[in-house]
Amino acid sequence: GRSMASRLYKDAAEILSRMEKKQGSLKSLVFSQTFSVSKKKVYALVCQTLKYKPIIVELMDSSQLLHKESQLSPFLCMVLVYDLLFGKGIQCGGPMKQAINRHKVELKRMLPVIEKKHETVAQSLPSVQLPRYARVNLLHTTSDDVIKRFCKEGYLLVDSLSTLSLTSCPASSSVNYQTGHCGRCAQCLAAEDSSSSADPHQCPMAAEKVFCRDTHVPELLVFPFSCSLVDHPLYTNTDIILQDKVCMPAHLVFVNVHFLLGISKQSQIYNLAGLYPSPVPMRGVNN
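The shown structure was predicted, so the numbers you read here are calculated from the model rather than taken from an experiment. (Residues numbered from 1 in each chain as written. Predicted model: local features only at pLDDT ≥ 70, side-chain atom pairs only at ≥ 80, totals over all residues. Heavy atoms only, no water.)

Some points on the overall build of the protein
Here is step 1 of the chain: A count of helices and strands for the protein gives 14 helices and five strands.
Here is step 2 of the chain: Counting the 287 residues in the protein, one finds 38% classified as buried.
Here is step 3 of the chain: Pairs at least 24 residues apart make up 62% of the contacts formed inside the protein by residues separated by at least 6 positions.
Here is step 4 of the chain: Carbon and sulfur atoms make up 55% of the accessible area of the protein, which totals about 17,600 Å². (Helix = DSSP H or I, 4+ residues; strand = E, 2+ residues; numbered from the N terminus. Buried < 20%, exposed > 50% of the residue type's maximum accessible area, 1.4 Å probe, protein only. Contact = heavy atoms within 4.5 Å. Areas by Shrake-Rupley, 256 points an atom, 1.4 Å probe, with all protein chains shown as cover.)

Notes on the confidence of the model for the protein
Do not read the fine detail of predicted coordinates wherever pLDDT is low.
Here is step 1 of the chain: Per-residue pLDDT for the protein has a mean of 75; in total, 65% of the residues score no lower than 70.
Here is step 2 of the chain: The least confident element of the protein is helix α10 (residues 170-174), whose mean pLDDT is 37; the most confident is helix α9 (residues 143-152), at 94.
Here is step 3 of the chain: Contacts for the low-pLDDT stretch residues 255-260, under 50 throughout, to residues beyond four places or in other chains number seven contacts.
Here is step 4 of the chain: Low pLDDT, under 50, characterises residues 263-287; the predicted model gives this stretch 17 contacts beyond four residues in sequence or across chains. (pLDDT = per-residue confidence, 0-100.)

Considering the sheet that holds strand β3 (residues 210-213)
Here is step 1 of the chain: Read across the open sheet, the five strands follow the order β2-β3-β4-β1-β5; overall the sheet is mixed. Sheet topology places β2 (156-157) and β5 (240-242) at the edges, where each strand pairs with a single neighbour.
Here is step 2 of the chain: Direction of pairing for strand β1 (residues 132-136) relative to β5: antiparallel, over a ladder of three bridges. By the bridge assignment for β5, Val136 is matched with Ile240.
Here is step 3 of the chain: Packing of α9 onto the sheet brings it into contact with β1, β2, β3, β4 (220-223) and β5, and relative to β3 it is tilted by some 165 degrees. (Pairing = 2+ DSSP bridges. Axes fitted to C-alpha atoms, helices over the stretch in contact; angles between N-to-C directions.)

Here's the deal with the environment of Tyr155
Here is step 1 of the chain: As for its placement among the helices and strands, Tyr155 is situated in the loop between α9 and β2.
Here is step 2 of the chain: The class for Tyr155 is buried, based on a relative accessible area of 11%.
Here is step 3 of the chain: In the structure, Tyr155 is positioned 56 residues away from Phe211 in sequence and 7.2 Å away in space, judged by C-alpha atoms.
Here is step 4 of the chain: If we ignore the near neighbours within four places in the chain, the residues touching Tyr155 are Phe150, Lys209, Val210, Phe211, Phe223, Cys227 and Leu229.

As for the side chain of His103
Here is step 1 of the chain: By the element assignment, His103 lies in the loop between α7 (94-101) and α8 (104-124).
Here is step 2 of the chain: In contact with His103, not counting residues within four places along its chain, are Leu65, Lys68 and Glu69.

Focus on a nonpolar patch on the surface
Here is step 1 of the chain: There is a patch of nonpolar side chains on the surface, built from Val230, Tyr235 and Leu242 and spanning about 220 Å² of accessible area.
Here is step 2 of the chain: In this structure, Val230 sits in the loop between β4 and α12 (233-236). (Patch = residues over 30% accessible without salt bridge, like charges linked within 9 Å, V, L, I, M, F, W, Y side chains within 5 Å. Salt bridge = Lys/Arg side-chain N within 4 Å of Asp/Glu carboxyl O.)

Here it is as structure tokens:
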């Protein structure tokens, strides 16, 4: 009913507010709470609102919606504007529906102009694809052994992936498909010197079988975005762990503290933390 729709809007707005405050990820915030409505509906509504957030925010600013309807919170307003313009229409009744409907004509009139503006900006930006990260599981193996394994399989260890294009397929921009050579790796240079032909798939650049060590975390290996390792034996045997770099705060904190204070051992991080009482318990650290 309409009361459930009102609850859904308020729950979605609360999740958006908590995400803005960096209190957790979307999944953790939604699925760790109890709602009077379906968690899947809350999750879907928040996802869709975030998808159109830049357009919604500009619409709210241009129409001065929050100034005119001060009883609406910013995040509740975002959810309502999404459902009005991009969803199934406002499903609730009462003051919330009345408030947003007062600006329905103006918002729909402004929408095509703002959408066109955002499409133009999006088209002018390169499509950046972030690299993939694989952390060596030091409980099972060593970084050197994993690197040797990849190199035996034809992967090319490079100093940095910055030499490759992260905005498009490196193979399409680096490899000469008449010869199958990228002209940069040792295999292709040797093949060109001997005037022999090479299968493009044997070239590490062509197959995007290149990787490097991360600049900050020694046991973290970096691969191009298009390189999939989910079926690789090193992953299935848990010798490597696929995860984003942002999921490694302990290592990054160590790097920063090492730089600032000259700490030589990672274990000293925990000794240092113990000197300063914290109201928040630190997981994995014995007091």
